[in-house]
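Next come the chains, spelled out residue by residue.
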Amino acid sequence: MKSEKKERGKKKGFLDLLLGKRVIIQSKYGIIYDGIFTAKDGDYYILTNAKVIGRKNIAHVDLIGIKHNVIAHIHVKPKKVEPVQQ
């Protein structure tokens, strides 16, 4: 019973909040990964039903692992994207 209470009261981390959601990961090199965050396995972030958007091509893949040290940032899929006023 005590361990069950601890689990319920445990604060969720950033990756816990992303689990099962569509996320966008931008690499330090400009590659964009768009997929459903499924797990973290060692040094890899695992996405399913993903797109890998490069400079010239877009690859559609069922499963991809992105090594943590190439990631610039991660966010959930945007609700809205607006152009910057110049």
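Preceding block: the structure.
Computed from a predicted structure; not experimentally measured.

K.L.:
Which residues make up the nonpolar core, and what values go with them?
P.N.:
V23, I25, Y33, L47, I64, I66 and I74 are the most contacted members of the largest nonpolar core, which totals 13 residues. Of all the elements in the fold, those that place two or more residues in this core are β1 (22–27), β2 (32–41), β3 (44–53), β4 (58–67) and β5 (71–76). Counting residues per element, this core draws most heavily on β3, at four residues. Other than its neighbours up to four places away in sequence, I25 contacts I31, I32, Y33, L47, I66, I71, H73 and I74.

K.L.:
So what's going on with the side chain of D34? Residues and values would help.
P.N.:
Position of D34 relative to the elements: it lies in strand β2. You can call D34 buried: its relative accessible area is 10%. For D34, the side chain forms a polar contact with the side chain of R22, separated by 2.8 Å. Setting aside anything within four residues of it in sequence, one finds D34 in contact with R22, V23, I24, L47, N49, A50 and K51.

K.L.:
Before we move on, could you go through the pattern of salt bridges and cite the residues and values that matter?
P.N.:
Counted under the stated rule, the structure contains two salt bridges. Across the salt bridge formed by R22 and D34, the nearest N and O atoms sit 2.8 Å from each other. On the criterion of sequence distance, the pair formed by R22 in strand β1 and D34 in strand β2 is long-range, its members being twelve residues apart.

K.L.:
Describe unusual backbone geometry, listing the residues and the values that go with them.
P.N.:
In this model, N49 sits at a positive phi of 45°, which is unusual for a non-glycine residue. Mapped onto the elements of the fold, N49 is located in strand β3.

K.L.:
Residue-level account of the environment of G54, with values.
P.N.:
Inspection of the secondary structure puts G54 in the loop between β3 and β4. Residue classification places G54 among the partly exposed positions, given a relative accessible area of 33%. In sequence terms G54 and Y33 are 21 residues apart; their C-alpha atoms lie 8.9 Å from each other.

Criteria and cut-off values
Residues numbered from 1 in each chain as written. Predicted model: local features only at pLDDT ≥ 70, side-chain atom pairs only at ≥ 80, totals over all residues. Heavy atoms only, no water. Core = buried A, V, L, I, M, F, W, Y, C linked by side-chain atoms within 4.5 Å. Buried < 20%, exposed > 50% of the residue type's maximum accessible area, 1.4 Å probe, protein only. Helix = DSSP H or I, 4+ residues; strand = E, 2+ residues; numbered from the N terminus. Contact = heavy atoms within 4.5 Å. Polar contact = N/O pair within 3.5 Å; in protein donor to acceptor, adjacent residues only side chain to side chain. Salt bridge = Lys/Arg side-chain N within 4 Å of Asp/Glu carboxyl O.

As far as function goes, none of this settles anything; it's purely spatial.
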